[in-house]
Amino acid sequence: MKIGIIGAGITGLYLGWKLTEKGEEVTIFEKKNQVGKTPCSGLFSRKILDFIPQAIPLIENQINFVLIHFPKKTLRVKFSHPFYVMDHSKLDQLVANLAQKAGTKIIFNHSNCTLPEGFDRYIGCDGADSFVRKKLNLPEPQFQLGIRGFINKKDFSDYVETWVTPSGFLWKIPRGKESEYGIFEKTNLARNTLGGFLSNKNLKLERVDAALIPQGLIIPKNPNITLCGDAAGLTKPWSGGGVVWSLTAANLLLKYFPDFLKYRNKAKNFFLPKIRSGIWAKKLVYFLGNKMPWILPTNFKIDGDFLWQS
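Okay, so let's go over this structure.

Parameters at a glance
Residues numbered from 1 in each chain as written. Predicted model: local features only at pLDDT ≥ 70, side-chain atom pairs only at ≥ 80, totals over all residues. Heavy atoms only, no water. Helix = DSSP H or I, 4+ residues; strand = E, 2+ residues; numbered from the N terminus. Rg over C-alpha atoms; globule rule 2.2 N^0.38 Å. Buried < 20%, exposed > 50% of the residue type's maximum accessible area, 1.4 Å probe, protein only. Contact = heavy atoms within 4.5 Å. Areas by Shrake-Rupley, 256 points an atom, 1.4 Å probe, with all protein chains shown as cover. Salt bridge = Lys/Arg side-chain N within 4 Å of Asp/Glu carboxyl O. Expected span 1.5 Å × (residues − 1). Bend = angle between axes of the 7 residues up to and from the residue. Polar contact = N/O pair within 3.5 Å; in protein donor to acceptor, adjacent residues only side chain to side chain. Axes fitted to C-alpha atoms, helices over the stretch in contact; angles between N-to-C directions. Parallel < 35°, antiparallel > 145°, perpendicular 65-115°, else oblique. Left-handed = near helix turned anticlockwise from the far one by under 90°. Nonpolar A, V, L, I, M, F, W, Y, C, P; charged D, E, K, R; others polar. Phe/Tyr/Trp six-rings, centres within 6.5 Å; stacked < 30°, edge-to-face > 60°. Lys NZ or Arg CZ within 6 Å of the ring centre and 35° of its normal.

1. So, the overall build of the chain
Working step 1: What the chain contains, in helices and strands, is 7 helices and 14 strands.
Working step 2: Expected size for 310 residues packed as a compact globule is a radius of gyration near 19 Å; at 19 Å, the chain falls within 12% of this value.
Working step 3: Taken over the C-alpha atoms alone, the chain extends approximately 60 × 40 × 35 Å along its principal axes.
Working step 4: Within the chain, buried positions represent 56% of all 310 residues.
Working step 5: Contacts spanning at least 24 positions in sequence make up 71% of the contacts within the chain whose residues lie at least 6 apart.
Working step 6: As displayed, the chain has an accessible area near 14,400 Å², and 52% of this comes from carbon and sulfur atoms.

Next comes the structure, spelled out in structure tokens:
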């Protein structure tokens, strides 16, 4: 079948790679002039290697736990699987090379005005502000804002630090050769909250960038056009991370391809309970951490991608 994928982010590239290997004729259309997502922390669980084992050389640092700072208590949360720090742009380029070697065609500088003609199926992987989602007149997801920047300070620590904000958190990620600071918060609060935090810490960031983070599962009931990744709002409600969730959804799409309606049902059955439980878990931990911190254990363990899964 002739497949048109809109968006050459990690999800679109992965789908292009795997669909081509299955024997489909795949073309990816990208509005930018190159592959490579910049505004992303690139903190992936070990599960990323289940999808892209070729990414091992991209690992810059390993993260084993996170410190969550509440006003009167700090929690130490160990991950059941380690997280790896990688350059997201280099990961995208790696998967683009794998897709192209398999035979996937990538067209750059493609204007998102209309869907390209002549394809049997279309997959929208075009990010938070998805053109395909808008064309289908689907509801918009909720949006948070992610902002991050860097300081030129080496740090090979094996843990991330976070500071709880009203609806999100600030973070520090040791990237080995440098340190990254950022925020995940409501769009109207993120910049001022981050600015106040940096002022208190006497920090000045370089190479600052930002991106919208969609939240909410949106997959069309359409036999010929579907969504995956950020375009479908597939991000973790407690952290905003989306790559492993997106690639998990991509594998569901691959499993049931070309039946987009079955993919939709399977994705909803898999992700909706995790989204709902994640939202309530975050609310509960934030409430207890701010109001009754003595109730929370100082040390505990979770799966960084699916919370309760070991």
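Next comes the rest of the description.
2. Observations concerning the pattern of salt bridges
Working step 1: Under the criterion given, the structure shown has 13 salt bridges.
Working step 2: With a shortest N-O distance of 3.7 Å, Lys18 and Glu21 are connected by a salt bridge. Placement of the pair is Lys18 and Glu21 together in helix H1 (residues 10–21), with a separation of 3 residues, close to one helical turn.
Working step 3: Exposure remark for Lys18: the relative accessible area of 21% places this residue in the partly exposed category.
Working step 4: For the salt bridge of Asp155 with Lys172, the shortest nitrogen-to-oxygen distance reads 3.1 Å. Here Asp155 is found in the loop between strand S8 (142–151) and strand S9 (159–164), whereas its partner Lys172 is found in strand S10 (residues 169–174), with 17 residues between them in sequence.
Working step 5: According to the relative accessible area criterion, Asp155 is buried, its value standing at 13%.
Working step 6: Through salt bridges with shared partners, one network takes in Glu60, Arg148, Arg175, Glu180 and Asp209.

3. Some details on helix H7 (residues 260–291)
Working step 1: Counted at 1.5 Å a residue, the expected span for H7 with its 32 residues is 46 Å, and the 45 Å between its end C-alpha atoms agrees.
Working step 2: The sharpest bend along H7 measures roughly 30 degrees and falls at Phe271, with the proline Pro273 sitting one to four residues further on.
Working step 3: Among the residues of H7, Phe260, Tyr263, Arg264, Ala267, Phe271, Ile275, Gly278, Ala281, Lys282, Tyr286, Leu288 and Gly289 are the ones counted as buried.
Working step 4: At its buried positions, H7 is contacted by strand S7 (121–124), S9, S10, strand S11 (179–186), strand S13 (225–227) and helix H6 (243–256).
Working step 5: If you check the start of H7, you find a side-chain oxygen 3.2 Å away from the backbone N of Leu261, and it comes from Asp259.

4. Observations concerning the packing of H1 against helix H3 (residues 88–102)
Working step 1: Where H1 contacts H3, the two axes come as close as 8 Å, and the packing angle between them is 20 degrees. Classified by the angle their axes make, H1 and H3 are roughly parallel. In terms of crossing hand, the pair formed by H1 and H3 is left-handed. On the side of H1, the interface is formed by Ile10, Leu13, Tyr14, Trp17, Thr20 and Glu21, while H3 contributes His88, Leu91, Asp92, Val95, Ala96, Leu98, Ala99 and Ala102.
Working step 2: Within the contact of H1 with H3, the residues separate by chemical class into 10 nonpolar, 2 polar and 2 charged.

5. Quick look at the packing of aromatic side chains
Working step 1: This structure, assessed with the given rule, holds 17 aromatic pairs.
Working step 2: With 6.1 Å between their ring centres and 80 degrees between their planes, Tyr14 and Phe51 make a pair best called edge-to-face. You can see Tyr14 sitting in helix H1 and its partner Phe51 sitting in helix H2 (residues 48–51), a full 37 residues away along the chain.
Working step 3: Judged by relative accessible area, which is 4%, Tyr14 ranks as buried.
Working step 4: Note on Phe51: relative accessible area 10%, which makes it buried.
Working step 5: Between the aromatic rings of Phe169 and Trp171, the centroid separation amounts to 6.1 Å while the plane-to-plane angle is 55 degrees, which identifies the pairing as tilted.
Working step 6: What makes Trp171 buried here is its relative accessible area of 10%.
Working step 7: Of note, Arg76 hangs over the ring of Phe65, and the distance from its end group to the ring centre comes to 3.8 Å.

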